[in-house]
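# Structure at a glance
Here's the letter readout for the chains.
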Amino acid sequence: MSDWIEISIPSLRGKEKEYLEECINSNYVSSIGPFTTKFENLISEKIGLNENGAAATSSGTTALQLGLLSLEVKQNNLVILPTYTFIATANAISHVNAQPWIFDIEMDHLTLDHKKLEHELENKTFQKNDSCFHKKTYQKVGCIIPVHVFGCPPNIEEIKRIGKKFNIPILLDSACGIGAKFKNLNLGETDLPGIISFNGNKTITTGSGGIFYSKEKNLIKKVKHLSSTAKCTNRYDHDEIAFNYRMSNIQAALGLAQLEQLDKILNDKKKIHLNYLNAFNNCSKFKLISDPNWGESSHWLNAIILKEDNKETIEKLINKLREARIRANYFWKPLHLQNPYQSSMRNKLEHLNEIQERILILPSSSNLKFDEQQKIIKIIKSYFQ
Ligand SMILES: Cc1ncc(COP(=O)(O)O)c(C=O)c1O
């Protein structure tokens, strides 16, 4: 183990080793095996769905891709997403040969701005045969993907209302959202399909992996079918061109052990968030991003946002923290500035060109010790004094 205080590392303190040994002893190491179903059932329960509410995949990105296909997003459709997200959200859209339509964010929690979303759809789209089309390009708007940012939910109620009004399905990118609540609703109780990532830096991990979740059984069935090469008989009959995206038994074994510790991990993360919040309460130069009035974050990552643009400040602070062997870093570069998406359709986003320079993510692992966190807080506070 390194002696650095890291930003987000896994906490593997449950039955991970025992379950992995079980995979090896039973010889079930690939996509067939008992852990995958157990993992799918337990995660369904944890996010407020009935048994069989989840399809486990090889990553969050592949879950997004299959989610879009299950919602019937087709080639050349437009898919709406916020500019402030990990590039995987846009990549999944490209992987189904659809095109991103990049939207603005609200500045308190950096999630999709529902007011601007409604305004743009009013002005730039028309309805035909119960579907939504772009006025200039005649492309169908196939889906809206709101994103949980740092674990913070977007305003799901408003976005759902807008989706209904304009006949556009919604797929939640809750890659970082396990444990987040909209009002009092868990992810699965919002009635929207969505995805979660279990990459190594997430709240819980399967090494690499993801799930697609939904209360609609036909969507789950479709994603499972597409993730396992659309195989329909034991005689190698496949009824469409599909993918090898199913989560393996080994990944699910790790995931099951992690899920059994989820409540404690979420609780530890909440305590870490509240400590930062308490410590940075009166700082005039920056703000800790915290819970929205419409719900509660999963507190996956803690981040501060500078009140004024100042390129140097973040860079120098990162270096200061690194001198003390504390990892802190810039976070996402907005999509509209990413090379592969330079020419994607977008709304007015120039005011966000510098956003990456204003945000610093802080160590947030569930096993971060209290005295380690105090050290981080002290350096940041003294830097801004
Ligand atoms: C917002 C968001 N969407 C999608 C993904 C993709 O998940 P994965 O890395 O499991 O493919 C991530 C991963 O970090 C993410 O942060």
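This structure is a prediction, so every number in the text was calculated from the model and none was measured.

## Comments concerning the overall build of the protein
The helix and strand inventory of the protein stands at twelve helices and 15 strands. Relative to its length of 385 residues, the protein is compact, with a C-alpha radius of gyration of 21 Å against a globular reference of 21 Å. Across the 385 residues that make up the protein, the buried fraction comes to 49%. Restricting the contact set of the protein to residue pairs at least 6 apart, pairs at least 24 apart contribute 70%.

## Description of the domain arrangement of the protein
Assigned domains of the protein: these are domain 1 (16-259) and domain 2 (262-384). A separation of 25 Å is found between the C-alpha centroids of domain 1 and domain 2. Counting residues at the interface gives 35 residues for domain 1 and 28 residues for domain 2. When contributions to the side of domain 1 that touches domain 2 are tallied by element, the ones reaching two or more residues are helix 4 (87-95), strand 3 (99-103), helix 5 (114-124) and strand 8 (181-182). For the side of domain 1 that touches domain 2, the element with the most residues is strand 3, which contributes five residues. Along the lines of polarity and charge, the residues of the side of domain 1 that touches domain 2 split into 18 nonpolar, nine polar and eight charged.

## Things to note about the packing of helix 2 (residues 34-46) against helix 8 (residues 249-259)
Helix-helix packing: each pair is described by the crossing angle between the helix axes and the interaxial distance. As a packed pair, helix 2 and helix 8 sit with axes 8 Å apart at the nearest point and diverge in direction by 35 degrees. The two elements helix 2 and helix 8 meet at a crossing, and its hand is left-handed. Taken together, the residues of helix 8 that come into contact with helix 2 (itself represented by Phe-35, Thr-36, Lys-38, Phe-39, Leu-42, Ile-43 and Lys-46) are Asn-249, Ala-252, Ala-253, Gly-255, Leu-256 and Leu-259. Residues of the contact of helix 2 with helix 8, tallied by class, amount to eight nonpolar, three polar and two charged.

## Topic: the nonpolar core
Nonpolar side chains in soluble globular proteins tend to end up buried together. Residues Leu-68, Val-79, Cys-143 and Ile-211 are the most contacted members of the largest nonpolar core, which totals 105 residues. The element best represented in this core is helix 8, accounting for seven residues. For this core, the domains that each give at least three residues are domain 1 (16-259) and domain 2 (262-384). Cys-143 has contacts with Leu-68, Leu-71, Val-73, Val-79, Ile-168, Pro-169, Ile-170 and Leu-171, leaving out every residue within four places of it along the chain.

## A look at the environment of Thr-233
Relative to the helices and strands, Thr-233 resides in the loop between helix 7 (217-227) and helix 8. The class of Thr-233 is exposed, set by 8 C-beta atoms lying within 10 Å. Spatially, the C-alpha atom of Thr-233 lies 37 Å from that of Pro-146, the residues being 87 residues apart in sequence.

## Quick word on the environment of Thr-62
Structurally, the position occupied by Thr-62 is in helix 3 (residues 60-70). Residue classification places Thr-62 among the buried positions, given that 26 C-beta atoms sit within 10 Å. For the pair formed by Thr-62 and Cys-132, sequence separation is 70 residues and the distance between their alpha carbons is 26 Å.

## Overview of the site of the ligand
The local shell around the ligand holds 14 residues, among which Ser-59, Gly-60, Thr-61, Ala-175 and Ser-197 are the closest. At the level of elements, helix 3 and helix 4 are the ones that each hand at least two residues to the shell around the ligand. Residue composition of the shell around the ligand, grouped by class: five nonpolar, eight polar and one charged.

## Describing the sheet that holds strand 10 (residues 210-213)
Pairing within the open sheet is mixed, and its four strands lie in the order 1-10-9-7. For this open sheet the edge positions go to strand 1 (54-57) and strand 7 (172-173), each flanked by a neighbour on one side alone.

## Looking at the packing of helix 5 against helix 6 (residues 156-165)
Where helix 5 contacts helix 6, the two axes come as close as 10 Å, and the packing angle between them is 10 degrees. Relative to helix 6, helix 5 is oriented roughly parallel. Taken together, the residues of helix 6 that come into contact with helix 5 (itself represented by His-114, Leu-117, Glu-118 and Leu-121) are Glu-158, Ile-159 and Ile-162. Taken together, the residues of the contact of helix 5 with helix 6 sort by class into four nonpolar, one polar and two charged.

## Some details on the sheet that holds strand 11 (residues 286-288)
Reading across the sheet, the three strands line up as 11-13-15 and stay open at both edges, with antiparallel pairing between neighbours. The open sheet has two edge strands, strand 11 and strand 15 (359-362), and neither has a second partner. The mean inter-strand angle of the sheet, taken between neighbouring strand axes irrespective of direction, is 25 degrees. Judged from the three bridges that link them, strand 11 and strand 13 (residues 302-306) form a sheet pairing that is antiparallel.

## Things to note about the pairing of strand 13
Note: strand 13 against strand 15, four bridges, orientation antiparallel. Each residue of the ladder has a partner; that of Ala-303, found in strand 15, is Ile-361.

## Some points on helix 7
Here helix 7 has its buried residues at Leu-219, Ile-220, Lys-222, Val-223, Lys-224, Leu-226 and Ser-227. Structurally, helix 7 contributes buried residues whose contacts are with strand 1, helix 3 and strand 10. Thr-229 sits one or two residues past helix 7 and shows a positive phi near 55 degrees.

## Focus on the environment of Glu-260
Topologically, Glu-260 is positioned in the loop between helix 8 and helix 9 (262-279). By C-beta crowding, Glu-260 is classed as partly exposed, having 16 other C-beta atoms within 10 Å. The spacing of Glu-260 and Glu-51 is 209 residues in sequence and 16 Å in space, taken between C-alpha atoms. Every residue in contact with Glu-260, bar those within four places of it in the chain, is listed here: Gly-14 and Lys-15.

## Quick look at unusual backbone geometry
Phi is positive for Tyr-138, which is not a glycine, with a value near 60 degrees. If you trace the backbone, Tyr-138 turns up in the loop between strand 5 (131-134) and strand 6 (141-144). With phi around 60 degrees, Phe-150 is a residue other than glycine that occupies positive phi space. For Phe-150, the position within the fold is in the loop between strand 6 and helix 6.

Each value, and the rule that gives it
- Residues numbered from 1 in each chain as written.
- Predicted model: local features only at pLDDT ≥ 70, side-chain atom pairs only at ≥ 80, totals over all residues.
- Helix = DSSP H or I, 4+ residues; strand = E, 2+ residues; numbered from the N terminus.
- Rg over C-alpha atoms; globule rule 2.2 N^0.38 Å.
- Buried ≥ 20, exposed ≤ 12 C-beta atoms within 10 Å, placed from the backbone.
- Contact = placed C-beta atoms within 7 Å.
- Domains from an automatic or database assignment.
- Nonpolar A, V, L, I, M, F, W, Y, C, P; charged D, E, K, R; others polar.
- Axes fitted to C-alpha atoms, helices over the stretch in contact; angles between N-to-C directions.
- Left-handed = near helix turned anticlockwise from the far one by under 90°.
- Core = buried A, V, L, I, M, F, W, Y, C linked by C-beta atoms within 7 Å.
- Near = placed C-beta within 6 Å.
- Pairing = 2+ DSSP bridges.
- Parallel < 35°, antiparallel > 145°, perpendicular 65-115°, else oblique.

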